[in-house]
Protein chains: 2
Amino acid sequence: MGSEAKLVELRKLMKNSGIAIYIIPSTDPHLGENVPDHWRIIEWLTGFSGSAGTVIITDTFAGVWTDSRYIIQASNQLKGSEFTAINPLEKKDYISWISANVHANEKIALDGRIFSIEQTRKLEKLLDNKHFSFDFNCDLISDIWTERPDLPHSLAFNHEILYCGRDRSEKISEVRKIMKDRRADYQLITSPDDIMWLLNIRGGDIRYSPLVLSFALIGVEQILLFADESKFPLRMAAEFDRLAIVILPYEETAGIISSLSAASSILFNPVITSSNLYQAIPSGMNRVEDINTTTRLKAIKNEAEIANIRKAMIKDGVALTRFFFWVEQNIDKEILTEFFLCEKLNTLRSLNENFLGPSFESIVGFNEHGALPHYTVTSETNSAILGNGILLVDSGGQYLDGTTDITRTIAIGTPTEKQRRDYTLVLKGTIDLAMAGFPSGTKGFQLDMLARRSLWENGLNYGHGTGHGVGFCLNVHEGPQSIGPGFGQGTKTILEAGMLTSDEPAVYREGEYGIRIENLILCCLDNETQYGQFLKFETMSLCYIDKTLIDISLLDRKEIDWLNSYHVDVYEKLSPFLTSEENEWLKHKTSAL
Amino acid sequence: MGSEAKLVELRKLMKNSGIAIYIIPSTDPHLGENVPDHWRIIEWLTGFSGSAGTVIITDTFAGVWTDSRYIIQASNQLKGSEFTAINPLEKKDYISWISANVHANEKIALDGRIFSIEQTRKLEKLLDNKHFSFDFNCDLISDIWTERPDLPHSLAFNHEILYCGRDRSEKISEVRKIMKDRRADYQLITSPDDIMWLLNIRGGDIRYSPLVLSFALIGVEQILLFADESKFPLRMAAEFDRLAIVILPYEETAGIISSLSAASSILFNPVITSSNLYQAIPSGMNRVEDINTTTRLKAIKNEAEIANIRKAMIKDGVALTRFFFWVEQNIDKEILTEFFLCEKLNTLRSLNENFLGPSFESIVGFNEHGALPHYTVTSETNSAILGNGILLVDSGGQYLDGTTDITRTIAIGTPTEKQRRDYTLVLKGTIDLAMAGFPSGTKGFQLDMLARRSLWENGLNYGHGTGHGVGFCLNVHEGPQSIGPGFGQGTKTILEAGMLTSDEPAVYREGEYGIRIENLILCCLDNETQYGQFLKFETMSLCYIDKTLIDISLLDRKEIDWLNSYHVDVYEKLSPFLTSEENEWLKHKTSAL
């Protein structure tokens, strides 16, 4: 069935149910970043394959709202279809569109299993004056999508103490203690990463994140784990029994929630809890809305995790060093393409111990492709790395002992003055944030400008945040904290010792090249003075920074010292694992400025 | 009547009215920073003379809540009375205290004329579960306070175009245009500074701010100005008539508001509108809550105002230069005290053309007194400036052509290493913020860390904001914008070209000394690039920065260049107005580092 036939079918169903507007989001019941194919409704329906979007369908209109990074991709992929790609910079958001284009008293429907409470509330609030009726329990897709992929069924496995450093029973006790303080009888957890962390398990349901799709309801005595039981190996049974962890069918989550006592109280996060689950909460039950108790605990890495992250960084740095060494040795010998380099890098990383897979889709962007912050090479765009230019490589790995994410930008051939200037200004940002010292209580929005200052002073900027939280063998984007100009909740979260965050300022010259230099930085305690406890960052990622792109006249003494000392560290930590040829090369790459 | 007798009287009245808790704020009906003596109820009742506080009275308890800067003063002034000074750092805020100490179903009362809507809402919300009853129209003071000072009755005067640069009719049109866009039939203005700006008038009702106490109700055709008519000179009548500005008695504000059509809409700011005026709004009338339309317009200084500010800065800098010159010439000849230096500085400033008075109570703090950010010298504290030490001088003037606010810290005798280090770190903050470049849309909380960075890196910090907005011949603290770590609304306000803000990092060494270096900085357009419009600051204040306190090894090249260039500017602009002796001295003070 082609895109048009699907639309005809869908509109037939809409008409039968008296629905004027049907809304389809790009999310799944866990409302996270990556979704299994089963929930890629928008791609199946429209052909648009980007990770974020909302589709609006009426009897005369079909539109796809995306965000700014997908503008070009959406209009290409939707060309020739009945779907219009809506440029978010030019048009209204989809709620305003509905408000302006749909008549009052009409019915708006969506599948509340994949729509957050927060989003449905926003919808109701913004359309309040229009007297629409809403149906938040409307799945029109399942009947039409006949060859729909199954939900994933990977096997769960124990994430050993050796890696995660802390017993699940301890974590559960700590969560229950917080629940008690918050007067919550239940904590509903809808995010699989929180569940994996709490129970010390991992899986393979979601690409790039080692998760088992699941919900959990933590009570005072029991933990109900809603997941496909066949995913759990028998040897986990005894331990789960001991801790009163009961596995129940994934589909029964809402049903069980609806059976809870209305005299009890439940804690949940409205941003990642579906409207469907929310509606299941018995009326009268006391609701406490906040981020999950697990989210903050998980973000603060324990000592064992930190020691493991250090090991993972060495492995990852070795793979990356080998990669860049290989590129330099072979660039003049054969034609290297972006696609090929992606594969080469993945292969080198996959040789590492405890490697589970890449932590996100690698970005290898040459020249103008580097200027697209979320560039993914396809057979249509695949460029050969020829002539002078700038190569941006952003990649990471999932290891049992940590999650990595690192970006390096290197010169191919001879860089221009402008490229060296841009690169050095970005590098100043990476370094200046890494060198920050700040008092306890500081939030990400207070530090953001350190990464931007040198760019701003030169009329440059970048349109994304400066740093995202990073999980431990979990999501590569994992809050609650982030560093940015103060828009989202993440940047308003206090940075605490043990939190791992990226540090990735950039400059994008549209149609020319992109430069981004990204390290992961760990927040650590520094000294305590009469003015309070102070914190600092330790740079964890290990890979040389291309000196041929540096204009040293733009760096101040402290920045030069930082870079030299970082390069000493990189060489000392990686060289034991390199061949003598690689070592000699790295020695040169990391020699003092 | 002594403090105890007053309390007896008050409790009698409370008992008669069945009131369990009576709340007295330190504010007046305009809810601004400075209040006339008529509204200094707390000082009259308790003896505590600080500018911020809240008194709670029950039949067994009488407490004064202040903020951290008044802890010591409050406990001194309340010693021996029945009033307890509550240390805000150790105890709960007054609302939590009420919640914890008062029984349910009891009556809480306050005078809603001097309590903002926002505060009463907070009170109702936080005490919601306690089933208290509230009386927000309860004035128990007027009957007891027999010798209460009258409301002030200064004369209003025309603030000439020569100074303010823009005709009142133009300003009124612009406000009405915004009202139309906001669909507001009325704009209620409760802040006299907004009214002064809009109508190009000034007065002398409030110490430190040239205001006429007034409310205004701007309609589509008329402006109702609620103020004592006798304050307005006859020659304003024709102009007011022409613009349909009608003066009505100050006391009739609530009555007139209550007579507005319920079918119309009114715009007001809940933070500075009293509960009493809010209650007067007819039920059913459409309410738009936001900052006043005038507040943002007023904050963006026009070209004439900016040109005038430059002139005011020269005059002010000349007075300050003469002051420091005089101090240096006389420090070894006679005993100088803090009190005397305050007077000396006020006298030198008062010689300036268009001077109306100081813009706030001058701070002259020697050594440990400088460590109190809001130190006011009294006959008990008055120190002689003897021996080695650090002298902090924070002062400002109100001129017809601008408002100034400047802090300089100078060495008396030979400074210590630690003093020089602290001073230089503070100076780096002042300079780094002054040198900032940033894109359009940047808010104050994004820039705050520039002023703190060097301090934080050395385990230092200061407990107040970095910069407050400054009025034009109006309030020395005047938003909406501010620069700080992101607590208040001010730091979330976009900085726009034309806004004048202070830049005042500091270090306070309790019991030793305080260092603060403050300039006013004007936000200006910088270049426009493909990344958008960029902005920068121009430092407006003109006075040398004491080089004997600088440890040059802590400054980077850019900071040294900034300081040298600033000193060239200071000398060039001030020297034409100085004697040859003063000139020679300033030449030396401003010579290149």
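This one's a predicted model, so the numbers in the text were calculated from it and none came from an experiment. (Residues numbered from 1 in each chain as written. Chains lettered and ligands numbered in written order. Predicted model: local features only at pLDDT ≥ 70, side-chain atom pairs only at ≥ 80, totals over all residues. Heavy atoms only, no water.)

Undergrad: Honestly, the pairing of strand E16 (residues 363-366) of chain A in this entry has me stumped. Any pointers?
TA: The two faces of a sheet get side chains in turn, since along a regular strand they alternate between them. Residues and elements named next belong to chain A. With burial as the criterion, each face of E16 is covered, one bearing Ile363 and Gly365 and the other bearing Val364 and Phe366. Summarising the sheet, E16 and strand E17 (residues 389-395) pair through four bridges and their orientation is antiparallel. In the strand pairing of E17, Ile363 is matched with Asp394. (Buried < 20%, exposed > 50% of the residue type's maximum accessible area, 1.4 Å probe, protein only. Helix = DSSP H or I, 4+ residues; strand = E, 2+ residues; numbered from the N terminus. Pairing = 2+ DSSP bridges.)

Undergrad: Before we go on, may I ask you to explain the pattern of salt bridges in this structure?
TA: Evaluated as defined, the whole model comprises 70 salt bridges over all chains. For B:Lys12, the salt bridge identified is with B:Glu9, shortest N-O distance 3.4 Å. Taken together, the positions of B:Lys12 and B:Glu9, both in helix H1 (residues 3-16) and three residues apart, correspond to about one turn of that helix. We classify B:Lys12 as partly exposed; its relative accessible area is 48%. By sharing partners, the salt bridges in this structure join A:Asp193, A:Asp194, A:Lys298 and A:Glu478 into a single network. (Salt bridge = Lys/Arg side-chain N within 4 Å of Asp/Glu carboxyl O.)

Undergrad: I tried to follow unusual backbone geometry on my own but got confused; where do I start?
TA: Residues other than glycine predominantly adopt negative phi, and peptide bonds predominantly adopt the trans conformation. Of the consecutive residues A:Gly479 and A:Pro480, the connecting peptide bond is found in the cis state with omega at 15°. One non-glycine residue with positive phi stands out, namely A:Tyr208, at about 75°. You can see A:Tyr208 is positioned in the loop between strand E9 (201-202) and strand E10 (215-218). Phi is positive for B:Asn354, which is not a glycine, with a value near 65°. Mapped onto the fold, B:Asn354 is located in the loop between helix H14 (338-350) and strand E15 (355-358).

Undergrad: Honestly, the packing of aromatic side chains in this entry has me stumped. Any pointers?
TA: Any aromatic ring pair is given by two values, namely how distant the centres are and how the planes are angled relative to each other. According to the stated counting rule, one finds 35 aromatic pairs over all chains in the structure shown. A centroid spacing of 5.3 Å and a plane angle of 15° characterise the contact between A:Phe215 and A:Tyr250, whose relative ring orientation is stacked. With A:Phe215 in strand E10 and A:Tyr250 in the loop between strand E12 (245-248) and helix H10 (253-258), this pair connects stretches of sequence that are 35 residues apart. Judged on exposure class, the residue A:Phe215 and its partner A:Tyr250 are both buried. Ring plane angle 80° and centroid distance 5.8 Å describe the contact between B:Phe48 and B:Tyr70, whose orientation is recorded as edge-to-face. Here B:Phe48, found in the loop between helix H2 (41-46) and strand E2 (54-57), pairs with B:Tyr70, found in the loop between strand E3 (62-65) and helix H3 (71-78); they are 22 residues apart in sequence, far enough to count as distant. Residue B:Phe48 is classed as buried on the basis of its relative accessible area, which comes to 1%. Each residue in the set A:Phe323, A:Phe324, A:Phe325, A:Tyr544 and A:Trp585 is aromatic and connected to the rest through ring pairs, giving one cluster. Against the face of A:Tyr278 rests A:Arg287, its NZ or CZ located 5.1 Å from the ring centre. Sitting above the plane of the B:Tyr278 ring, B:Arg121 keeps its charged end 5.2 Å from the centroid. (Phe/Tyr/Trp six-rings, centres within 6.5 Å; stacked < 30°, edge-to-face > 60°. Lys NZ or Arg CZ within 6 Å of the ring centre and 35° of its normal.)

Undergrad: I would appreciate a short explanation of the relation of the copies chain A and chain B in the present structure.
TA: Applying a rotation about an axis and a shift along it to one chain copy brings it onto the other copy. With an RMSD of 0.1 Å, the fit of chain A onto chain B corresponds to turning through 180° and sliding 0.1 Å along the axis. Taken together, the rotation angle and the small translation identify this as a two-fold axis. The C-alpha atom lying nearest the rotation axis in chain A is that of A:Gln446; the distance is 3.0 Å. (Least-squares fit on C-alpha atoms with pLDDT ≥ 70 in both.)

Undergrad: Explain the pairing of strand E11 (residues 223-226) of chain A to me, please; I cannot follow it from the model alone.
TA: All names here are of chain A. Side chains Ile223 and Leu225 project from E11 onto one buried face, and the interleaved Leu224 and Phe226 project onto a second face that is buried too. With four bridges joining them, E10 and E11 adopt antiparallel strand pairing. Paired with Phe215 across the bridge in E11 is Phe226. Taken together, E10 and the strand that follows it, E11, pair antiparallel across an intervening segment of four residues. Pairing geometry for E11 and E12, over four bridges, is parallel. Each residue of the ladder has a partner; that of Leu225, found in E12, is Ile247. In this region the chain leaves E11, passes through helix H9 (residues 237-242) and returns to the parallel neighbour E12; the handedness of that crossover is right-handed. (Right-handed = clockwise from strand over helix to strand, strands pointing away.)

Undergrad: I would appreciate a short explanation of the interface of chain A and chain B in the present structure.
TA: Of the residues lining the interface, 27 residues belong to chain A; the matching set on chain B comes to 27 residues. In total, chain A and chain B occlude about 2600 Å² of area from one another, counting both sides; carbon and sulfur atoms represent 53% of this. Our count for the chain A to chain B interface comes out at eight residue pairs in polar contact (both at pLDDT 80 or more). Mapped onto the side of chain A that touches chain B, the elements with two or more residues apiece are strand E21 (437-439), helix H16 (444-457) and strand E25 (506-509) of chain A. Its residues placed into classes, the side of chain A that touches chain B shows 14 nonpolar, eight polar and five charged. (Contact = heavy atoms within 4.5 Å. Buried area = accessible area lost by both parts, 1.4 Å probe. Polar contact = N/O pair within 3.5 Å; in protein donor to acceptor, adjacent residues only side chain to side chain. Nonpolar A, V, L, I, M, F, W, Y, C, P; charged D, E, K, R; others polar.)

Undergrad: So what exactly am I meant to see when it comes to the sheet that holds strand E4 (residues 84-86) of chain A here?
TA: Strand pairing in a sheet relies on backbone hydrogen bonds, with the paired strands running either antiparallel or parallel. Residue and element names in this part refer to chain A. As summarised here, the arrangement of the six strands in space is E4-E3-E2-E1-E5-E6, forming an open sheet in which the pairing is mixed. For this open sheet the edge positions go to E4 and strand E6 (133-135), each flanked by a neighbour on one side alone. With direction set aside, neighbouring strand axes in the sheet form an average angle of 20°. Across the sheet, helix H4 (residues 94-101) is in contact with strand E1 (21-25), strand E2 (54-57), strand E3 (62-65) and strand E5 (107-110); its angle to E2 comes to roughly 10°. (Axes fitted to C-alpha atoms, helices over the stretch in contact; angles between N-to-C directions.)

Undergrad: Would you explain the sheet that holds strand E14 (residues 286-289) of chain A in this entry?
TA: Residues and elements named next belong to chain A. In space, the six strands of this open sheet follow the order E12-E11-E10-E8-E13-E14, with mixed pairing throughout. Looking at which strands have only one partner, the edges of the open sheet turn out to be E12 and E14. Strand after strand, the sheet turns through a mean of 20° between neighbouring axes, direction not considered. In this fold helix H8 (residues 192-199) packs onto strand E8 (186-189), E10, E11 and E12, with an angle of close to 130° to the strand it touches most, E11.

Undergrad: In this structure, what is going on with the nonpolar core? I would like to understand it.
TA: Within soluble globular proteins, side chains that are nonpolar tend to cluster in buried spots. Counting residues in each nonpolar core, the largest one holds 177 residues, and the members touching the most others are A:Phe537 and B:Phe537. Sequence-distant contacts of A:Phe537, that is, excluding residues within four places in its chain, are made with A:Leu433, A:Ala434, A:Ala436, A:Phe438, A:Leu447, A:Ile483, A:Leu495, A:Ile521, A:Leu522 and A:Cys523. Counting 48 residues, the second largest nonpolar core, distinct from the first, contains A:Ile117, A:Ala156, A:Ala280 and A:Val288. (Core = buried A, V, L, I, M, F, W, Y, C linked by side-chain atoms within 4.5 Å.)

Undergrad: Quick question: what am I supposed to make of the side chain of B:Thr295 here?
TA: All names here are of chain B. Here Thr295 shows up in helix H12 (residues 293-299). Assessed through its relative accessible area of 11%, Thr295 is described here as buried. If near-sequence neighbours (up to four positions away) are discounted, Thr295 is found in contact with Asp194, Gly479 and Pro480.

Undergrad: Just checking my understanding: could you explain the environment of A:Leu127 for this structure?
TA: Residue and element names in this part refer to chain A. Positionally, Leu127 belongs in the loop between helix H5 (117-126) and E6. The exposure class assigned to Leu127 is buried, which follows from its relative accessible area of 1%. Here the alpha-carbon distance between Leu127 and Ile95, two residues 32 residues apart in the chain, equals 7.6 Å. Aside from chain neighbours lying at most four places away, what touches Leu127 is Ile95, Ile98, Ser99, Ile108, Phe132 and Phe134.

Undergrad: How should the packing of helix H13 (residues 303-330) of chain A against helix H14 (residues 338-350) of chain A be read in this particular structure?
TA: Between two packed helices, the angle of one axis relative to the other and the distance separating the axes together describe the packing. Residues and elements named next belong to chain A. Across the interface, H13 lies against H14 with an axial gap of 9 Å and an inter-helix angle of 140°. Accordingly, the angle class assigned to the pair H13 and H14 is oblique. Relative to H14, H13 is oriented so that their crossing is right-handed. Contacts between H13 and H14 pair Asp316, Ala319, Leu320, Arg322, Phe323, Trp326 and Val327 from the former with Phe340, Leu341, Lys344, Leu345, Leu348 and Arg349 from the latter. Of the residues assigned to the contact of H13 with H14, the class counts are nine nonpolar, no polar and four charged. (Parallel < 35°, antiparallel > 145°, perpendicular 65-115°, else oblique. Left-handed = near helix turned anticlockwise from the far one by under 90°.)

Undergrad: Can you help me understand the side chain of A:Thr424 in this one?
TA: Residue and element names in this part refer to chain A. For Thr424, the position within the fold is in helix H15 (residues 417-434). Among the polar contacts made by the side chain of Thr424, one reaches the main-chain carbonyl oxygen of Leu549 at a distance of 3.5 Å. With residues near it in sequence (within four places) discarded, Thr424 still touches Leu549, Ile550, Asp551, Leu554 and Leu555.

Undergrad: Mind showing me how you'd approach a negative patch on the surface here?
TA: Residue and element names in this part refer to chain A. Taken together, Asp228, Glu229, Glu251 and Glu252 make up a surface patch of like negative charges. In this structure, Asp228 sits in the loop between E11 and H9. The exposure class assigned to Asp228 is partly exposed, which follows from its relative accessible area of 31%. (Patch = residues over 30% accessible without salt bridge, like charges linked within 9 Å, V, L, I, M, F, W, Y side chains within 5 Å. Areas by Shrake-Rupley, 256 points an atom, 1.4 Å probe, with all protein chains shown as cover. Lys, Arg positive; Asp, Glu negative; His and termini not counted. Charge placed at Lys NZ, Arg CZ, Asp CG, Glu CD.)

Undergrad: Would you take a moment to explain the confidence of the model for chain A for this structure?
TA: Interpretation of the predicted coordinates at a detailed level should be avoided for regions scoring low in pLDDT. Put simply, chain A has an average pLDDT of 94, and 100% of its residues get 70 or more. Across the whole predicted complex the pTM is 0.92, and at the interface the ipTM reaches 0.88. (pLDDT = per-residue confidence, 0-100.)

Undergrad: How do you make sense of H13(A) when you look at a structure like this?
TA: All names here are of chain A. End to end, H13 covers 41 Å across 28 residues, agreeing with the expected 40 Å (1.5 Å per residue, within 8%). Among the 28 residues in H13, 20 count as buried, and that is most of the element. A side-chain oxygen of the first residue of H13 lies 3.1 Å from the backbone nitrogen of Ala304; this N-cap is Asn302. (Expected span 1.5 Å × (residues − 1).)

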